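Listed below are the residues making up each chain.
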Amino acid sequence: MLSPINVSLESLNLITLAPMLIPVVGALLILVIDIIKGGLDKSLYVVLSILFLALDFSALLDSAGIFSKDGIMLGVFDVMLVDGIAILAQFIIVATSILFIPLALTNKRFHEFSYPEFFALFLFMISGFQFMVASDNLILIFVGLETASLALYTLIAMHNRDKSFEAAIKYFTMGALAAGFYSFGAMVFYALTGSIEINQIATVLAANGYADIGYVLVGVVFMLASFGFKLSVVPFHTWTPDVYEGSSAAMAGYMSIVPKIAAFVVAMRIFEFLIHSGIAWLEVVLWVLVVVTMTAANVWALVQTDVKRMLAYSSVSHAGFVMAAILIGSTQSNSAMFLYWILFSFTNLGAFSMLWISRQKELPGYQKTDHSFEKFSGMIITSPMAAIIMAIFMLSLAGIPPFALFWGKIYMISSAVTGGYTVLALIMALNSAIAGYYYIKLIVYMFMKDPIVSNVDNNGKLYVANATLALKSIIGFAIIGTIFAFLAVDPLLEFITAFVYNSGY
Amino acid sequence: MLDHILSILIFFPALAGVMGFMIDKGSIRAYGVAVAFVEFALSLWLWFAFDSNVSGMQFMENIALIPSFGINYILGVDGISLFIIILAAFFTMIGIASLTETKNEKNMIITLLFLEMTMIGVFSALDAIVFYVFWELSLVPMLYIIGAWGGPMRIYASVKFFLYTFAGSLVMLVGMLFMAYFFYQATGTWSFAILDWYRLILPESFQLWLFAAFFVGFAIKVPMFPFHTWLPYAHGQAPTIGSVILAAILLKMGTYAFIRFSLPLFPDASVFFMYPIAVIAIIMIIYTAMVAYAQKDVKQVVAYSSVSHMGVIILGTFALNVEGITGSVFLMIAHGVVSGALFLLVGVIYDRRHTKLMSEFGGLAHVMPRYATIFGIMLMASVGMPLTINFVGEFLSLLGFYEQSHILTLLAGIAIVVGAIYMLTAYKKMFFGEVTKDENRNLPDVNKRELIALIPLAIITIWLGVYPKPVLEPINNSVEAVVQLMHNKSTTEEAKSRIPNVSGVVISKTSTREAH
């Protein structure tokens, strides 16, 4: 006979769950509305999602307030861990989601947005990511990761094209493999230390002085492979361009930001204590991974003929760049990572939205893929405003000052300099030059080539075919954020540094 | 208004550029000229208000941008940057005024206005990151100008120009971040302010590495041999206006940056690298002169001659004494005026004949006497004839370097004289002899629009050649401060002896005091 367990409700600290539960409630409400009255317009669901995410955001603001006053919060049998980096990551996740969801309000009708389930899944996914970052329990991380990933696979498949199914299946298979690796890694760590809490693992390993270094190596390799898939680190990146190509531009842009920041935070939790424990080979492995990911992805991006695939490789390269933060492991580098990702999400939001509003339903003869470079030929003549905006996003991605990403870049490179990684800093800088080539390639097409005749005839409408007021405001928002980022960097930096530092990273 | 004159100078053209989108296509040229004229007038006012007796920075502005990382918006001018700023405003003005019929004229003029912003920004920035922002940003309008209005290989040329310079400046950026980190280690605060960096004395080994990092960025921009390969393409393909601005202003960013960053920040390293760089400069002068002699295309002749003269500027800079550096700064102005004018002149004939091959011309002096006269004046200035603007700069540069090494100066001097050969040959081929081609018989002489641009340049060329004092004096004052700073900062024996102590001038701390 088991004795009943008595737990006081206060000790559970259920408030730590609030930010994750809000989107879940929203998702359920959307499903309930659909059951009661079907056939409602997508705008309803979009606005409902935004409202729930706004609630989520304000709950996060609350947590942030508590954190800056009382420090790290634990809850629900210490499974939940709400520290500075968890809050920062959730801010990025929720804010980016708020900005991306209005992209559903297109001019043309797209299949997936007519289902309320799309929005419900979207909200479930966000909740999953939030759980993932706000825990140091390997099992809860796994649950969050899988909730989010399964929802994401479905969202991709809902785009309802041959390529989308291919993309979803590819992503699913790779994701399943990564999940397998993850559970193996977690198992090894559990076997070594008898705990599934990362800080416990760290303590136990440190206490016995990394006696079983061979097993630690096995566990780390499994973990690295798993996060390699999630972060699309070379050589685990092969799914990325195909999946991006198959999903809608809006979804692809979303995927380049949100899942990765979640994975970065978990990677930070797992790998940083190992790096700081002075395991030399892990440093070497990470160094090689970072450099190869940055460089190889950049080289592949050079030869792409489709803008979306090019941006896919570019986002792999950006992920590699940011991975350097985990390698360097100082407060400055971790702050640089968050700063970089915030600025990156603005720029990428804009770039992918620009692709999204130019999305055609049927492709003309000269165009082999949705967003081939040829499509953008002579855009400055037919639709100058759109061309300039797109060019600014490209310049920002290339790291040309004073646009957003430049500030993230110098702070990151500076953290490499400060951390003593001179060669790495130089490689990071020179990679920007390689990357410059393919971003400039799009600018060359837009500004220096002659327009294709049919585009002149329809007066450049092609590039804004999908645009509605909502989409235009999102792009306006992104462009203002990209150009005037230098005004926001200082307050952001102070906020981020305080949060990262107080969480002990 | 004078307190913020530099910000106004920087952002007025940019604002006007944004507003330019609203102007009707037909009226855009008048708008461009008006804006550029106002800008030029403002820059003259800056000169008027400038106190030539002060050697330090004037009209300083300081706004915190990212204080937690030491990045501030700091501006200021001294005698070194003042005249390059005026030159930039001047060339943008005459560039727009003399613009010949181009497609998409509106885009061109708006681009030029943005380019003007970045140029003036580079020369007035006193914060390394702000400097870097304008430095990189200046690539974008130029990329567009070459790529959209250039010749048949324009895209290759523009992308090569962009990537080459971009790669170089990224290495420089890493150098800047290191510099800021060393400053942080020394003082405990982050700072990218150049005047703060001036106070930092680094050990020689650090200086050498940092000098090398900065050198990559600057040398590509200048461009120094062997990094010059992008320039002939850029010049060959660029439209006239692009070549003019590129030669007159953009290349000066590199040589200016040497004086602003490399010399005062790394005096020991500058002495250490003096001979290697002087050798490169002399190779540059001789080699590009020989290449220029072999060209069939008159624009390429001008382009290579312009590289050749940049070699003299570098040589003067690395004389590391007051005469040499003053001469090199003056030569920057002179080179801007003269090579800008030469590119404009090549543009004139290209508009008429749509070819730049010298074999297509001959006997033009009969057909276009006024054109031949102006071309002659500019050519004489280019080969450094006394009483022209170039002579003053070249003479002072060589005089300065003579104190460091007799042999190298002699070599450079001979090279300059030999350099006259290719220019005179080119002139002979184009202007003297009989008119051989029928197409050339009825070419119209320079028209009013072209004269508007060329006459002022000819006047400046002779005026500053005869009486350079109004420009030379402010330059000299500021250069003395730089040299004194270098002398005080240098740590090695050799550097102390190579860099003269400018006696009797109490200036070494002026610049730093004004920063705070």
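Since the model is a prediction, treat every value here as computed from it, not as a measurement.

Engineer: Honestly, the overall build of chain B in this entry has me stumped. Any pointers?
Structural biologist: Each helix and strand in chain B was counted, giving 23 helices and two strands. Projecting the C-alpha coordinates of chain B onto the three principal axes gives extents of approximately 70 × 55 × 40 Å. For chain B, with 516 residues in total, the buried portion stands at 63%.

Engineer: Whenever I open this one, the overall build of chain A confuses me. Can you help?
Structural biologist: A tally of helices and strands in chain A yields 22 helices and two strands. On C-alpha atoms alone, chain A measures out to a radius of gyration of 22 Å, which is about the 23 Å that the 2.2 N^0.38 rule sets for 505 residues. The 505 residues of chain A split such that 60% are buried. For chain A, the proportion of contacts with a sequence separation of at least 24, taken over those separated by at least 6, is 81%.

Engineer: I'm lost on helix H18 (residues 389-402) of chain B in this one. Help?
Structural biologist: Three or four residues apart is the spacing at which side chains of an α-helix point the same way, because the helix has 3.6 residues per turn. Residues and elements named next belong to chain B. With 14 residues, H18 extends 20 Å between its outermost C-alpha atoms, agreeing within 8% with the 20 Å of an ideal straight helix rising 1.5 Å per residue. Most of H18 is tucked away: eleven of the 14 residues are buried. Those residues of H18 that fall on the buried side of the exposure criterion are Ile 389, Asn 390, Phe 391, Val 392, Gly 393, Glu 394, Leu 396, Ser 397, Leu 398, Gly 400 and Phe 401.

Engineer: For this particular structure, what's the right way to read the interface of chain A and chain B?
Structural biologist: Accessible area lost during the coming together of the parts is what is often quoted as the interface size. With 28 residues of chain A in contact, the opposing surface of chain B contributes 27 residues. Of all the secondary-structure elements, those providing two or more residues to the side of chain A that touches chain B are helix H18 (404-418), helix H19 (422-448) and helix H22 (485-502) of chain A. Looking at the side of chain A that touches chain B element by element, the count peaks at twelve residues for H19(A). Residues of the side of chain A that touches chain B, tallied by class, amount to 22 nonpolar, four polar and two charged.

Engineer: How should I be thinking about the packing of helix H4 (residues 84-100) of chain A against helix H5 (residues 116-133) of chain A in this particular structure?
Structural biologist: Think of two packed helices as two axes; the pair is described by the angle between the axes and how far apart they sit. Residues and elements named next belong to chain A. Direction vectors running N to C along H4 and H5 enclose 165 degrees, while the axes themselves pass 9 Å from each other. By the angle between their axes, H4 is roughly antiparallel relative to H5. The two elements H4 and H5 cross, and the hand of that crossing is right-handed. Of the residues in H5, those in contact with Ala 86, Ala 89, Gln 90, Ile 93, Val 94 and Ser 97 of H4 are Ile 126, Phe 129, Gln 130 and Val 133.

Engineer: Please clarify how the packing of helix H9 (residues 204-221) of chain B against helix H11 (residues 240-265) of chain B should be interpreted in this entry.
Structural biologist: All names here are of chain B. Viewed as axis vectors pointing N to C, H9 and H11 meet at an angle of 160 degrees, and their least axial separation amounts to 7 Å. Judged by the angle between their axes, H9 and H11 are roughly antiparallel. Crossing hand, H9 versus H11: left-handed. For the pair H9 and H11, contact is made by Phe 211, Phe 214, Phe 215, Phe 218 and Lys 221 and by Leu 251, Met 253, Gly 254, Ala 257, Phe 258, Phe 261 and Ser 262, respectively.

Engineer: Could you clarify how one ought to interpret the pairing of strand E1 (residues 58-66) of chain B in this entry?
Structural biologist: In regular strands, side chains alternate between the two faces of the sheet. Residue and element names in this part refer to chain B. With six bridges joining them, E1 and strand E2 (residues 71-77) adopt antiparallel strand pairing. Considered in E2, the bridge of Ile 66 is made with Ile 71. Hairpin connection, E1 to E2: the antiparallel pair is bridged by four residues, and Gly 70 has positive phi, about 75 degrees.

Engineer: Looking at this structure, I do not really get the environment of Thr100(B). What am I missing?
Structural biologist: With respect to the helices, strands and loops of the structure, Thr100(B) is situated in the loop between helix H3 (79-97) and helix H4 (105-124). A residue is classified by how many C-beta atoms lie within 10 Å of it, and Thr100(B), with 14 of them, is partly exposed.

Engineer: Please clarify how the nonpolar core should be interpreted in this entry.
Structural biologist: Here is a general trend for soluble globular proteins: nonpolar side chains tend to be buried in one another's company. Within the largest apolar cluster, 419 residues are counted, with the highest numbers of intra-cluster contacts made by Ala262(A), Met323(A), Ala324(A) and Met446(A). Not counting the four nearest positions on each side in its chain, Met446(A) is found in contact with Phe376(A), Met379(A), Ile380(A), Ala387(A), Met390(A) and Ala391(A).

Engineer: Explanation requested: the confidence of the model for chain B in the structure shown.
Structural biologist: Any segment with low pLDDT has predicted coordinates that should not be analysed in fine detail. All names here are of chain B. Averaged over all residues, the pLDDT of chain B is 88; the fraction at 70 or higher stands at 97%. In the model of chain B, helix H23 (residues 510-514) stands out as the element of lowest mean pLDDT, 42, in contrast to helix H5 (residues 128-137), which has the highest, 93. Under a pLDDT of 50 for its full length, residues 505-516 has, in the predicted model, 26 contacts with residues more than four places off or in other chains. This complex was scored by the predictor with a pTM of 0.93 and an ipTM of 0.91.

Engineer: Would you explain helix H19 (residues 406-431) of chain B in this entry?
Structural biologist: All names here are of chain B. Here H19 is 26 residues long and its end C-alpha atoms lie 38 Å apart, about the 38 Å a rise of 1.5 Å per residue gives. Listing the buried residues of H19 in full gives Thr 409, Ala 412, Ala 415, Ile 416, Gly 419, Tyr 422, Met 423, Ala 426, Tyr 427, Met 430 and Phe 431. Looking at the packing, one finds that the buried side of H19 touches helix H13 (274-293), helix H14 (298-317), helix H16 (364-367), helix H17 (369-382) and H18. Following H19 by one or two positions, Gly 433 adopts a phi angle in the positive range, close to 85 degrees.

Engineer: Quick question: what am I supposed to make of unusual backbone geometry here?
Structural biologist: In terms of backbone geometry, most residues other than glycine have negative phi values and most peptide bonds are trans. Residues and elements named next belong to chain A. Residues Val 234 and Pro 235 are joined by a peptide bond in cis, for which omega reads 10 degrees. In this model, Pro 401 is joined to Pro 402 through a cis peptide bond whose omega is 0 degrees. Turning to its location among the elements, Pro 402 is positioned in the loop between helix H17 (384-398) and H18. Despite not being glycine, Asp 78 has its phi angle at roughly 60 degrees, a positive value. For Asp 78, the location among the structural elements is in the loop between strand E1 (73-75) and strand E2 (80-82). One non-glycine residue, Ser 232, lies in positive phi territory at about 50 degrees. By the secondary structure assignment, Ser 232 is in the loop between helix H9 (213-231) and helix H10 (239-246). Using a count of 30 C-beta atoms within 10 Å as the deciding quantity, one classes Ser 232 as buried.

Engineer: I would appreciate a short explanation of the environment of Asn104(B) in the present structure.
Structural biologist: You can see Asn104(B) is positioned in the loop between H3 and H4. Linking Asn104(B) and Val54(B), residues 50 residues apart in sequence, is a C-alpha distance of 45 Å.

Engineer: Would you mind going over the environment of Tyr233(B) with me for this structure?
Structural biologist: Residue and element names in this part refer to chain B. In this fold, Tyr 233 is placed in helix H10 (residues 230-237). In this structure Tyr 233 comes out as buried when scored by C-beta crowding, with 22 C-beta atoms within 10 Å. Considering only alpha carbons, one finds Tyr 233 and Phe 161, 72 residues apart in sequence, at a separation of 8.1 Å. Every residue in contact with Tyr 233, bar those within four places of it in the chain, is listed here: Tyr 156, Ala 157 and Lys 160.

Rules of the game
Residues numbered from 1 in each chain as written. Chains lettered and ligands numbered in written order. Predicted model: local features only at pLDDT ≥ 70, side-chain atom pairs only at ≥ 80, totals over all residues. Helix = DSSP H or I, 4+ residues; strand = E, 2+ residues; numbered from the N terminus. Buried ≥ 20, exposed ≤ 12 C-beta atoms within 10 Å, placed from the backbone. Rg over C-alpha atoms; globule rule 2.2 N^0.38 Å. Contact = placed C-beta atoms within 7 Å. Expected span 1.5 Å × (residues − 1). Nonpolar A, V, L, I, M, F, W, Y, C, P; charged D, E, K, R; others polar. Axes fitted to C-alpha atoms, helices over the stretch in contact; angles between N-to-C directions. Parallel < 35°, antiparallel > 145°, perpendicular 65-115°, else oblique. Left-handed = near helix turned anticlockwise from the far one by under 90°. Pairing = 2+ DSSP bridges. Core = buried A, V, L, I, M, F, W, Y, C linked by C-beta atoms within 7 Å. pLDDT = per-residue confidence, 0-100.

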